[in-house]
Protein chains: 2
Amino acid sequence: MANLRLGEELLLSFEKFLADLQLSQAEPTALYEPVDYILSLEAKRIRPVSLLFFQKLFGGSHEAALYAASSVELFHNFTLMHDDIMDEADLRRGHPSTHKKYGMASAILSGDVMLVQSLVYMRQAEHLASVPGLCDLLLKTAREVCEGQALDMDFEKQTFVSLQQYLQMIEWKTAVLLACCMETGTLIAGRADLAKSIYELGILVGIGFQLEDDFLDYYAQDNRFGKTKGGDILRGKKSALVLELAACMDAPTREEFLQTYQQHTQPEARLAWMEPLLEAYGIHAKLGERVQSYKDRAHSIIDQLAISSENREAIREWVGQILGRGK
Amino acid sequence: MANLRLGEELLLSFEKFLADLQLSQAEPTALYEPVDYILSLEAKRIRPVSLLFFQKLFGGSHEAALYAASSVELFHNFTLMHDDIMDEADLRRGHPSTHKKYGMASAILSGDVMLVQSLVYMRQAEHLASVPGLCDLLLKTAREVCEGQALDMDFEKQTFVSLQQYLQMIEWKTAVLLACCMETGTLIAGRADLAKSIYELGILVGIGFQLEDDFLDYYAQDNRFGKTKGGDILRGKKSALVLELAACMDAPTREEFLQTYQQHTQPEARLAWMEPLLEAYGIHAKLGERVQSYKDRAHSIIDQLAISSENREAIREWVGQILGRGK
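A brief structural summary. (Residues numbered from 1 in each chain as written. Chains lettered and ligands numbered in written order. Predicted model: local features only at pLDDT ≥ 70, side-chain atom pairs only at ≥ 80, totals over all residues.)

1. A closer look at the overall build of chain A
Operational definition: What counts as a helix is a DSSP run of H or I of at least four residues, what counts as a strand is a run of E of at least two, and both are numbered from the N terminus. Partly exposed residues are those falling between the two cut-offs: more than 12 but fewer than 20 other C-beta atoms within 10 Å of their own, whereas 20 or more means buried and 12 or fewer means exposed, with C-beta atoms placed from the backbone. Think of it this way: build a C-beta for each residue from its backbone, and any pair within 7 Å is a contact.
From N to C terminus, chain A includes 15 helices and 2 strands. For the C-alpha atoms alone, the extent of chain A along its principal axes is close to 55 × 50 × 35 Å. Within chain A, the proportion of its 327 residues that are buried is 48%. Relative to all contacts within chain A whose residues are 6 or more apart in sequence, the contacts with residues 24 or more apart total 73%.

2. Quick word on the relation of the copies chain B and chain A
One copy of the chain maps onto the other through a rotation about an axis followed by a shift along the same axis. Rules: Alignment of copies: least-squares fit on C-alpha atoms of residues with pLDDT of at least 70 in both copies.
With an RMSD of 0.0 Å, the fit of chain B onto chain A corresponds to turning through 180° and sliding 0.0 Å along the axis. The transformation relating the two chain copies, once decomposed into turn and shift, fits a two-fold axis. When the interface residues of chain B are mapped onto chain A, 100% of them are again interface residues, pointing to one common binding face.

3. A short note on helix H7 (residues 134-157) of chain B
Using the following cut-off: The span you would expect from a helix comes to 1.5 Å times its residue count less one.
Here H7(B) is 24 residues long and its end C-alpha atoms lie 35 Å apart, about the 34 Å a rise of 1.5 Å per residue gives. Judged by how many residues are buried, H7(B) sits mostly within the fold: 18 of 24 residues are covered.

4. Overview of the interface of chain B and chain A
Heads up, the rule is: Ten residues, namely Ala, Val, Leu, Ile, Met, Phe, Trp, Tyr, Cys and Pro, are considered nonpolar, four, namely Asp, Glu, Lys and Arg, are considered charged, and the remaining ones, Gly among them, are considered polar.
On the chain A side, the residues contacting the 29 residues of chain B number 29 residues. Counting residues per element, the ones that place at least two in the side of chain B that touches chain A are helix H2 (29-40), helix H4 (62-86), helix H6 (104-129) and H7 of chain B. When residues in the side of chain B that touches chain A are grouped by element, the largest group, 12 residues, is from H7(B). Grouping the amino acids of the side of chain B that touches chain A by side-chain chemistry returns 20 nonpolar, 3 polar and 6 charged.

5. Thoughts on the nonpolar core
The line we're drawing: By our criterion, buried Ala, Val, Leu, Ile, Met, Phe, Trp, Tyr and Cys residues that link up through C-beta atoms within 7 Å make up a nonpolar core.
Counting residues in hydrophobic clusters, the biggest one holds 203 residues, and the most contacted among them are A:Ala68, A:Leu138, B:Ala68 and B:Leu138. What A:Leu138 contacts, discounting residues up to four positions off in sequence, is A:Ser71, A:Phe75, A:Leu119, A:Met122 and A:Cys180.

6. Quick look at unusual backbone geometry
Here the bond from A:Glu27 into A:Pro28 is cis, since omega is 0°, no more than 30 degrees from zero. Non-glycine residue A:Glu88 carries a positive phi angle of around 50°. Following the sequence through the fold, A:Glu88 ends up in the loop between helix H4 (62-86) and strand S1 (91-92). Unlike most non-glycine residues, B:Arg45 shows phi in positive territory, near 55°. Take B:Arg45: it is sitting in the loop between H2 and helix H3 (46-58). Among the residues examined, B:Arg45 registers 20 C-beta atoms within 10 Å and is labelled buried.

Below, the structure written as structure tokens:
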């Protein structure tokens, strides 16, 4: 619970720091208003707060960490702004997506300047913390995030996607940024000796997070955030649930299954057809075990870190807060 | 003429280096094929070659300069790829623009990864040359280029744009990148003492280049590159020509003039209406003098550089090649 309070404190100090950067005051207004818009939508700020958490835990310059946290949050929102155009998404966090509100040209250009500015802030963090390599890590991460998004768009068009390909895609599209955040906080704290392990931990937590999201999309007990049960299936998305099911089948059956999944034009009919299959193949248990295996591997990394037992406990609790939501 | 040969040599070595980076081989193909496509369109490579020219002139690591040159060329092509979407341009250098060929989503994402990769190459240049600050310069430039594009899009919508506003816009949208290239080459060569002056020179050459382009669009003697005479006016663009004319008028006349210019729906009629006005206000001389004033200021900077008379002559010749085309 100490972590929960720490998380809230870090979130508050981050929001204040971000507001003080006064991106909303920058000119030309047409360029920076959309930036301010997407940043002001309510968000959990998991990435910047995770970065700040690891810096706080191990020490080092908090100001550097705040710049780095602003950097990753700007970067993340740049990807959301551009992804929403690519995915033709009208809504973002319950509000009009940026291109719906300001037009496509503005959303492209404002996204571009956010990517640029995210690197400016990371440079600032490098200077303040005297830690070289933070920008290199963000740039490597950024390239992988683009590659993950390219795979994701490619998968939309393809009928046959394997669970392994999907895991690679979510590693790049989602997990590497969380891992980058956790490593960056650790590096700013001067604990380069832990950087590799913390990065791996971030990958496992990031993939686990996404798999759990896919799991809960269908198996959540409560009505999470007003989401429709089986929303991924209704939209015909090839989520981990669908691909876990496909992975249970022999090759010809799998091929036929994925083709049928793709061809269904009635969302409700697709869901009704899927339900007995998920039951018959025991996907609740299988995907549940896969999520658990990521948690187990995450905890095994935590167990091996050369840190105080107090810090180990804090990290366990932190990871537990990110994973295991609603379970 | 020695410069001309040097320019050709630098262009060849740059093209070879860029090809050897093998961006065309990178995966996923869907992400990197559009990158390869836009880079393979025939181009003059003014920016990377200018960077290499200043490094060659003053010394330093040529490999670092080649990475930096690749960086700025990737950056420039990223802006072209995104600008073409924003401007709804179907053609780029006589070929289908990237989004026309690969779709908008691909052109957004491939542009993003080019921006990321351009910074990766600039980091590489920083490391090889042991010159910190190259990335900071590119990032500052990148932010200004975005701001310049935002102003340009804004001007399209506005009736009243002043010549001063236009000069600010082209400084950010065009000149800062050339200036960044010239300063980067100079910094890699270890001549930090010249950096500020060379940057200013780049700004003057960059603005002069654009003004000359606007001038020649209407006043070129020959049929340049198959372009239509007065193409800017036919398209209703508020170019330097139009704004130079507007600047000659008193406020009420200017307002009426710009409104009429904007409202003309017949391109040919707009051109026919403009021709006697350009003649009456002596715009050929006025804009010609303005272009000349940028050249004069550029040469005055060159005169004051603390360099050998041989290098001074080489820079004069170089600037003469960039400016003064076709005059």
